[in-house]
Amino acid sequence: MLKVGLNLLFLGDRAGGVGRYATELVAALAQRDEIELELFTADDEPAELRRQPWASRVRFTQLPVRRQQRASYIAATFAAMPAIAAAHRLDVLHSPANVGPVVVPGVKSVITVHDLIWMRAGDQWDTPAAVKAMRRSSTITVPRASRIITDSQASAQDLIELLGVDQQRLDVVPLGVTVEGNAAVTAAPELRSRLGLSESRVILCVAQKRPYKRQDLLIRALPDLPDDVMLVLPGAATAYESQLRALAGDLGVGGRVIFPAWIDDADLEGLYRLADCFALPSELEGFGLPVLEAMARGLPVACSNRTSLPEVAADAALLFDPGDQAAVTRALAKILEDRQLATELIGAGYKRAGQFSWQQTADKTIASYERALADSS
């Protein structure tokens, strides 16, 4: 039996897309009889983690650290984790959140690096200190890992070009998508009332509010779209959100752009279901999971033709060049007004989303573990 440890010290209540990846991967791996799975978590692990249906099939080891206590968190990641992995006689230690220990004696180290946006657009990604810390940890740990997993061919190419990763140690493992039939959903009337949407048509964009996500393109399109169209941009507030609010005000569409703060899963599910279309205008993406999530929920999708998005969306989305505002506006107008096109995109989207599953992600992840073990170096 393969003994695998998952380094989940990073995992908190608001871990975003990386958190979704980690928990969905655990759920899929936990169903596999050939794997003995151990999860390493911090003191402030998500409360619901141990209440998951798969929790009885894995072993938990909680370390006495908290993510906000940076010194102890770094010590746990780079010193304690290797010692614990060796003591627990793991075959593989998998770190699914971009960085992991430098050396894990006697244990194969696998790291998932989702993207290198911090290298492509560091000034838009986070603070200079955060970029410096990521550069320091990545340039030390990634070259020393037994295997590197990444989400897309676009990200794989970045790893080869920007970090010099050997292609022979690199595995592309696409993410999955699921729609739970019994998932909690906030009813559309409640969401419309709370967010002030009335009976408007809704463009939904689920993305972090960072400049490279280019939500400004959607706001700039609004003056040329019918007055009953509103834009919803959920997510934690950032400095870029302030710029977006100012832009909407300057263009006279401030009342047509809604900025919900962080929302729970039920509200997000409700937004996907009440929206008329989904748009993701990013210039940089490591994968673009919200595109698949929208497709799986029956939304027609318009998205950028940059980095990983064409790879994920294929011909199931209306692609546009984010460098061409007129093209963005035309795409949104077309997807909202051409019902035949929207219906075709919905059908193609269901088919495309059906090609991605977390069980397939687990299959390819296990194959990466096996390659790491087969490598004697």
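Higher on the page you've got the structure.
Just so it is clear, the structure is predicted and the values come from calculations on it, not from any experiment.

The next subject is helix H7 (residues 188-195). For the α-helix, the turn length of 3.6 residues means that residues three or four positions removed from each other point alike. Listed in full, the buried residues belonging to H7 are Leu191, Arg192 and Leu195. Down the axis of H7, the buried side of the element spans an arc of 100°, and every buried residue falls inside it. In this structure, H7 carries Pro189 and Ser193 as exposed residues pointing more than 90 degrees from its buried face. If you follow the buried residues of H7, they end up packed against strand E8 (201-204), strand E10 (257-258) and helix H10 (265-274). Following H7 by one or two positions, Gly196 adopts a phi angle in the positive range, close to 70°.

For the rest of this paragraph, the subject is the side chain of Gln215. In this structure, Gln215 sits in helix H8 (residues 215-221). In this structure Gln215 comes out as buried when scored by relative accessible area, which is 1%. The contact partners of Gln215, leaving out residues within four places of it in the chain, are Cys205, Ala207, Gln208, Lys209, Arg210, Leu233, Tyr240, Leu244 and Pro281.

Turning our eyes to something else, we now look at helix H6 (residues 153-162). Within H6, the full set of buried residues consists of Ser155, Ala156, Asp158 and Leu159. All buried residues of H6 fall inside an arc of 160° around its axis, so they share one side. Of the surrounding elements, those touching the buried residues of H6 are helix H3 (117-120), strand E6 (147-150) and strand E7 (170-172).

Next up on the list: the pattern of salt bridges. Across all of its chains, the model carries 25 salt bridges by this definition. Between Arg20 and Glu293 there is a salt bridge, with the nearest N and O atoms lying 2.9 Å from each other. Placement of Arg20 in helix H1 (residues 16-29) and of Glu293 in helix H11 (residues 289-296) is noted, with a sequence separation of 273 residues between them. We classify Arg20 as partly exposed; its relative accessible area is 27%. A salt bridge links Asp267 to Arg194; the nearest nitrogen and oxygen atoms lie 2.5 Å apart. With Asp267 in helix H10 and Arg194 in helix H7, the pair connects residues that are 73 residues apart, well separated along the chain. Overall, Asp267 belongs to the buried group, its relative accessible area being 8%. With relative accessibility at 45%, the residue Arg194 sits in the partly exposed group.

Before going further, it helps to spend a moment on unusual backbone geometry. Of note, Arg89 is a non-glycine position whose phi angle comes to about 55°, a positive value. Counting through the fold element by element, Arg89 comes out in the loop between helix H2 (70-87) and strand E4 (92-95). A relative accessible area of 69% means that Arg89 is categorised as exposed. A positive phi is found at Asn98, a non-glycine position, where the angle reads about 85°. Here Asn98 is to be found in the loop between E4 and strand E5 (108-112).

To continue, consider the nonpolar core. Core analysis: the biggest nonpolar cluster contains 99 residues, and Trp54, Ile219 and Phe278 have the highest contact counts within it. Of all the elements, H1 adds the most residues to this core, at seven residues. Setting aside residues up to four positions removed in sequence, Phe278 forms contacts with Leu204, Cys205, Val206, Tyr272, Pro290, Val291, Ala294, Leu299, Pro300, Val301 and Ala302. In this structure, Leu116, Ala156, Leu163 and Tyr212 belong to the second largest nonpolar core, which totals 19 residues.

The topology assignment puts Thr61 in strand E3 (residues 59-62). Judged by its relative accessible area of 16%, Thr61 falls in the buried class. Placed 19 residues apart in sequence, Thr61 and Ala42 show a C-alpha to C-alpha distance of 8.7 Å. Apart from residues lying up to four places away in sequence, Thr61 is in contact with Glu38, Leu39, Phe40, Thr41 and His88.

Rules used throughout
In every chain, residue numbers begin from 1 and rise along the written sequence. Given that the model is predicted, a residue must reach a pLDDT of at least 70 before its local features are reported, and side-chain atom pairs must reach 80 or more before they are shown or counted; all residues, however, enter totals for whole chains, interfaces and linings. Calculated side-chain values reflect all of the structure's heavy atoms, with hydrogen atoms and water omitted. A 1.4 Å probe rolled over the protein chains alone gives each residue an accessible area, and that area as a share of the maximum for its type sets the label: buried under 20%, exposed over 50%, partly exposed in between. Counting from the N terminus, the helices are the DSSP runs of H or I reaching at least four residues and the strands are the DSSP runs of E reaching at least two. Throughout, the arc means that of the directions going from the helix axis to the C-beta atoms. Two residues qualify as a contact provided that any one of their heavy atoms is within 4.5 Å of a heavy atom in the partner residue. By convention in these notes, a salt bridge is any Lys or Arg side-chain nitrogen within 4 Å of a carboxyl oxygen on Asp or Glu. Side-chain atoms within 4.5 Å are what join buried Ala, Val, Leu, Ile, Met, Phe, Trp, Tyr and Cys residues into a set we call a nonpolar core.

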